[in-house]
Structures are given as structure tokens and as C-alpha cells.
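One letter stands for each residue in the lines below.
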Amino acid sequence: MFDSAFLFGELLPALNRGLVVSIALIVPASILGFAGGLALGCLRGFGTPWMRRLGDWYTAIVRGVPLAVQLMMIYFALPKLGIYFEPYGAALLSFIICSAAYHSEYVRGALLSISQGQIKAARALGFTTLQTVVWIVAPQAARRALPGCGNEIIYLIKYSSLAYLVTCMELMGEGKVVASDTFRFTEVFIAVGAYYLAMVTLATWILHKLEHKFRIPGFGAA
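These numbers come from a predicted model, not from an experiment. (Residues numbered from 1 in each chain as written. Predicted model: local features only at pLDDT ≥ 70, side-chain atom pairs only at ≥ 80, totals over all residues. Heavy atoms only, no water.)

1. Here we look at the overall build of the chain
Then step 1. Along its length, the chain carries eight helices and zero strands.
Then step 2. In sequence order, the chain lays out its α and β elements as α-α-α-α-α-α-α-α.
Then step 3. With the principal axes as the frame, the chain shows a C-alpha extent of 70 × 50 × 20 Å.
Then step 4. Burial status across the chain gives 39% buried among its 222 residues.
Then step 5. By sequence separation, contacts in the chain at least 24 residues apart represent 76% of the contacts at least 6 residues apart.
Then step 6. Element-wise, carbon and sulfur atoms account for 70% of the exposed surface of the chain, whose accessible area totals about 12200 Å².
Then step 7. Computed over 17 positive and 11 negative side-chain charges, the separation of the two mean positions in the chain equals 19 Å. (Helix = DSSP H or I, 4+ residues; strand = E, 2+ residues; numbered from the N terminus. Buried < 20%, exposed > 50% of the residue type's maximum accessible area, 1.4 Å probe, protein only. Contact = heavy atoms within 4.5 Å. Areas by Shrake-Rupley, 256 points an atom, 1.4 Å probe, with all protein chains shown as cover. Lys, Arg positive; Asp, Glu negative; His and termini not counted. Charge placed at Lys NZ, Arg CZ, Asp CG, Glu CD.)

2. A word on unusual backbone geometry
Then step 1. Unlike most non-glycine residues, Thr 167 shows phi in positive territory, near 65 degrees.
Then step 2. Among the structural elements, Thr 167 can be located in the loop between helix H6 (129-159) and helix H7 (171-182).
Then step 3. For Thr 167, a relative accessible area of 46% puts it in the partly exposed group.
Then step 4. With a phi close to 60 degrees, Phe 183 is a non-glycine residue in the positive phi region.
Then step 5. Along the chain, Phe 183 falls in the loop between H7 and helix H8 (185-213).

3. Some details on the nonpolar core
Then step 1. If you look at the biggest cluster of nonpolar residues, it comprises 20 residues, and the most contacted ones within it are Leu 11, Leu 15, Ile 157, Leu 171 and Val 188.
Then step 2. Where this core is concerned, the elements lending two or more residues are helix H1 (4-46), H6, H7 and H8.
Then step 3. In terms of residue count, the dominant contributor to this core is H8 (nine residues).
Then step 4. Excluding its chain neighbours within four sequence positions, the residues that come into contact with Leu 15 are Leu 171, Gly 175, Ala 191, Val 192 and Tyr 195. (Core = buried A, V, L, I, M, F, W, Y, C linked by side-chain atoms within 4.5 Å.)

4. Considerations on the packing of aromatic side chains
Then step 1. In total, this model carries four aromatic pairs according to the counting rule given.
Then step 2. Ring geometry for Phe 183 versus Phe 185: centroids 6.3 Å apart, planes at 75 degrees, classification edge-to-face.
Then step 3. Overall, the relative accessible area of 64% leaves Phe 183 in the exposed class.
Then step 4. Summarising the aromatic geometry, the rings of Phe 185 and Phe 189 are spaced 6.4 Å apart at their centres and angled 15 degrees between planes, so their arrangement reads as stacked. With Phe 185 and Phe 189 both in helix H8 and four residues apart, the pair spans about one turn of that helix.
Then step 5. Taking the relative accessible area as the measure of exposure, Phe 185 reaches 39% and is therefore partly exposed.
Then step 6. An aromatic cluster is present here, built from Phe 183, Phe 185 and Phe 189 joined pairwise through their rings. (Phe/Tyr/Trp six-rings, centres within 6.5 Å; stacked < 30°, edge-to-face > 60°.)

5. As for the packing of H1 against H6
Then step 1. Here H1 crosses H6 at 135 degrees, and the two axes come no closer than 8 Å. As summarised for this structure, H1 and H6 are arranged oblique, according to the angle between their axes. When you trace H1 past H6, the crossing you get is right-handed. Between H1 and H6, the residues in contact are Ile 26, Ala 29, Ser 30, Phe 34, Leu 38, Cys 42 and Phe 46 and Thr 129, Val 133, Val 137, Ala 138, Ala 142, Cys 149, Ile 153, Leu 156 and Ile 157, respectively.
Then step 2. Of the residues assigned to the contact of H1 with H6, the class counts are 14 nonpolar, two polar and no charged. (Axes fitted to C-alpha atoms, helices over the stretch in contact; angles between N-to-C directions. Parallel < 35°, antiparallel > 145°, perpendicular 65-115°, else oblique. Left-handed = near helix turned anticlockwise from the far one by under 90°. Nonpolar A, V, L, I, M, F, W, Y, C, P; charged D, E, K, R; others polar.)

6. A closer look at the side chain of Ser 94
Then step 1. Tracing the backbone shows Ser 94 in helix H4 (residues 87-112).
Then step 2. For Ser 94, a relative accessible area of 0% corresponds to the buried category.
Then step 3. Not counting residues within four places of it along the chain, the set of residues in contact with Ser 94 comprises Leu 67, Gln 70, Leu 71 and Ile 74.

Such coordinate-based values are descriptive only and should not be taken to indicate function.
Given below as C-alpha cells:
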């Protein structure tokens, strides 16, 4: 039975509060994760041997350890070393660290698609390795990696629901509290799922527009 008092008086206000926190996690984590992945990918492709190994180890460890474990380590384990984070800070840092590792793989793949002739030409013109990466390689890699990195942003929207594990009360956390208090699990989680579906649909549309805007002419689909 439709219960407008429950829907508009309790459920939607709680989910809207959680939505604000979710967006506050997703947007900076997406931007900083992409920037970190771009830097890490370029480091793995053009850094010194020890930098490449360090980047490979970082990526392998972060991708190999579940995000839930990373959240627990940052929020519950680091205080043992005297490093403390608020729930929001712990969740955001974990999402950035995880996203950067996955983005770096997309960037590394994009780097492999860049013609070595461009790099040799830049060096012939007197560009240093750093200048070549910053002005020639990184801009192209970012644009070519955007479709793959867009998928990672979609994943980020969905796995942001894990933030409640460290008491960061985002959309999933608020929904779980309402469901536990009222035992109306079906209605609550259908609504929560609808919120996530709406966010993913909006993000997919925005990413499609960005891909079209930054598409390299002559590369990929027309």
C-alpha cells in the first residue's frame, strides 16, 4: 500500500541527505582519481625504472585488495599508527587511491596507442622527457583514455555505497538506517536503487558528451 507519509516524511528526506554526501564523495574522487591515474600512468610509462616498479606495485596492490578492506585499513588501522581520518575523509581518500590505480591502467593503454614518432620528433626538437609527457603525451592519453576512465567513474558511483562501512552516511547508509528502523526493506532499497540508477544515467550522458567534445579527429569512431 502506498504510504505518502512514510515516503515524503521519512524516506525521501533521508535519501536526499545521503545523496548530498554521495555526490560530495563521487565528484572530487572522480576528478582527483582521474588526475592521479593520469600522472601514475605517465609515470609508469616514462619514469625511471624504480618509478615504474613502484607504480606497478602500487597498482597491483590496490587493484588486488578489495575496496572494503582498504576502507577498513584507512579508518580503523591507521589510527594505530597515529593517523586519524573522519569518516568522510577516510572514504574519500580510499576512493581516490582506488580510482587512481584503475585509471592508470586505462591511461597506460592509451599511451601505447600514441605513435612513437611524435615522441622522437619532440626529442629531436629539444623537448625534455618531462616536457614531452606534459605537452604531447599526457593530453592525448587523457583524451584517448576517457571512454575507459568513464567506466571507472560509473563504477565509482556504485561502489561509493561502501562508504557506510566506515560510518560515512551516504545514500546507502541512510537507506539502511531507515530500513532497519521501519523494516520496510523492499520499499527502501527499491528507492535507493532508483537513486543510483538516476545518478549512473546522468553520469553516462555527461561522459558521452565529454567523449564527443574531446574526441581526437581521425582517431576511433567518426
